[in-house]
Amino acid sequence: MKKVKKYLAVILTLIMIISIIPLSSITASAAASGTCGDSLTWAFDEETGTLTISGTGEMQEIYHYSGSRPWDDYHNSIKKVVIEEGVKTISDYAFYYYNKITSITLPDSMTTIGAYAFSWCTSLTDVTIPNGVTKIGNEAFSFCQGITKVTIGKSVKEINDVAFIFCNNLESFEVVSNNQYYSNDEYGVLFNKDKTTLIQYPLGNTGTSYTIPDGVIKIGYRAFFGASLTSVTIPDSVVTISEMAFLGTGLTSILIPDSVITIEKSAFDTCSNLENVTIGKNVATIGTLAFSSCSKLKYVNIPASVVKIDDKAFSWCEALTGIDVDSDNQYYSSDEYGVLFNKDKTTLIQYPMGNISNSYTIPDSVLIIGNGAFHNSINLETITIGENVTTICKLAFGSCNSLTSITIPESVRTIDCNAFFLCTNLTSVTISVGVETIGERAFYGCESLTDVYYSGTQAQWNRITIEDNECLLNADLHLNNCEHTDYDDNGYCDECNEFLDSMDECDCNCHKSGISKFFFKIILFFQKLFGLNRECACGVVHY
């Protein structure tokens, strides 16, 4: 009995000791762990905040960043990532949005860093890409605001164009000298090996001016995107300025040399301080939105060499008063108001938004009013559309907020989608009988529109294809008030091009002969009296 009591006392003592030890001290030393590939394991030490990946081979594929990664339960606790020798890849999204990570250690065995692998790791500082890595994927380190320096190892041969985009504090790239594919200059700018392509200017560089080295042929995709530079000198070796190359920069002026042939889409988009642009005499192509939203740009000269200007190349340039095209240009022209046309003035391409005139008459030569041609021309109160226009394209008159009325001539067949989008002061529209299609939301946001005047009949109005145009359809519709003073014996009115009475639903000529006006009226009387139907030769049933 004494022995039993003794054993009980020992057990009770042990229970008491265990009960006063914090649970965290027992569990802290036990790191969470699991597998992340056929021959890879991971372990997380909660005490140090370190995630370690070990083994050999490739990391398992991760198909989405939310909840699909083996270590996601520790998303807010991982501060350090150590990937040991033997691991070959980091999968797409592996550490996407792990914003507590401050450092990563990568082995020489690694060959690939996947897309978005460390994107939005905002606490991550300097990054060294080891010598074994050959590929850095799409946005692998995008939005890593803490990174100030990136070192590129000797084997890297593929860096995605936007691998380091939006790294706003990145001051420099440093490429090891024996890398055969990439290089950098003394300002930390990233180039291909022979410096014929400028790949990325580091956003954290605080300089206000930069001279691109002689020999550069191509300024790469988003190369200076968002840089605070106010001045960039482009050498006469450059042939291509790529898409979004200078988007959102602080440039105040730019001289595009005669060597340049192509200015791609959005190349200088949203350079809100850009006032002066000189386009070299050999430029052939100006891409969509190339100078869009350059709100201080006042004037543009188009040289004779230009063969293609894409839609909205100069849209949203609020201060732009004129576009002047060299008279020797074989593809484009301009008028005395600085309006841009194709050569024979059959397409109106761009009305300068900063023109202070309150009225404009579109020439009768114009057949097409181009996409966004008058978009946001807020000074225009009156626009007269030429008598030969057939098509009003997308957003042609969008946000023309001073426009109060518009007359669509009989030549127009199509009013495209969003054509008068957000013309908030438009109160009346006159639409001629020639219109066949009014596109989706053509009059969207025209909340002041109260009256629509149509030159045809109700039947003709009903035949127009009208897509999702609530403001237009809610306005009062005023139809043709023809008094039918000029009609023949068959009841056909030459003034409104319709048959009288019930015949106005028919476009064909099958009613023009074989029946007198008097007998025609008698038939209609008895049809209406007895509720009889009459189907004519064209298949339309008249009542």
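Going by the structure above, here's the rest.
Residues numbered from 1 in each chain as written. Predicted model: local features only at pLDDT ≥ 70, side-chain atom pairs only at ≥ 80, totals over all residues. Heavy atoms only, no water.

## Focus: empty space enclosed by the protein
In total, this model carries 1 cavity of 30 Å³ or more according to the counting rule given. Lining the largest cavity are 13 residues, with Ile-165, Phe-166, Gln-200, Arg-222 and Phe-225 positioned closest to its centre. In terms of residue class, the lining of the largest cavity is built from 10 nonpolar, 1 polar and 2 charged. (1 Å grid on protein atoms, 1.4 Å probe; cavity = no way out; pocket = protein on both sides within 12 Å on 5 of 7 lines; lining within 4 Å. Points joined across faces, edges and corners; volume = space filled by probe spheres on them. Nonpolar A, V, L, I, M, F, W, Y, C, P; charged D, E, K, R; others polar.)

## Remarks on the pairing of strand β12 (residues 172-175)
Because side chains alternate across β12, one face comprises the buried residues Phe-173 and Val-175, and the other comprises Ser-172 and Glu-174, none of which is buried. Inspection of the sheet shows strand β10 (residues 149-152) paired to β12 by 4 bridges, in the parallel sense. Bridge pairing in β12 places Lys-149 opposite Ser-172. (Buried < 20%, exposed > 50% of the residue type's maximum accessible area, 1.4 Å probe, protein only. Helix = DSSP H or I, 4+ residues; strand = E, 2+ residues; numbered from the N terminus. Pairing = 2+ DSSP bridges.)

## So, the packing of aromatic side chains
Here the structure, examined in full by the defined rule, presents 34 aromatic pairs. Taken together, the ring pairs in this structure connect Trp-42, Phe-44, Trp-71, Tyr-74, Phe-95, Tyr-98, Phe-118, Phe-141, Phe-164 and Phe-173 into an aromatic cluster. Over the aromatic face of Phe-191 sits the side chain of Lys-195, whose NZ or CZ is 5.7 Å from the ring centroid. Arg-222 extends its terminal NZ or CZ atom over the ring of Phe-225, reaching a point 5.0 Å from the ring centre. (Phe/Tyr/Trp six-rings, centres within 6.5 Å; stacked < 30°, edge-to-face > 60°. Lys NZ or Arg CZ within 6 Å of the ring centre and 35° of its normal.)

## Some points on unusual backbone geometry
Phi angles above zero are rare outside glycine, and Met-244 is one such case at about 60°. Given the relative accessible area of 13%, Met-244 is considered buried.

## What about the nonpolar core?
Counting residues in hydrophobic clusters, the biggest one holds 49 residues, and the most contacted among them are Phe-224, Ile-241, Ile-256, Phe-268, Ile-286, Phe-291 and Phe-314. Setting aside residues no more than four positions away along its own chain, Ile-241 makes contact with Ile-219, Ile-234, Phe-246, Ile-256, Val-260, Thr-262, Ile-263, Glu-264, Ala-267 and Phe-268. One finds Val-87, Val-150, Ala-163 and Tyr-182 within the second-largest nonpolar core, a separate group that totals 47 residues. (Core = buried A, V, L, I, M, F, W, Y, C linked by side-chain atoms within 4.5 Å. Contact = heavy atoms within 4.5 Å.)

## Thoughts on the sheet that holds strand β36 (residues 428-431)
Taken in spatial order, the 4 strands line up as β34-β36-β38-β40 in an open sheet, and their pairing is parallel. Two strands close off the open sheet at either side, each with one partner strand: β34 (405-408) and β40 (476-478). Geometrically, the sheet is characterised by an average inter-axis angle of 15° between neighbouring strands, direction not taken into account. Judged from the 3 bridges that link them, strand β38 (residues 451-454) and β40 form a sheet pairing that is parallel. Residue pairing for β40: Tyr-453 is matched across the bridge by His-478. (Axes fitted to C-alpha atoms, helices over the stretch in contact; angles between N-to-C directions.)

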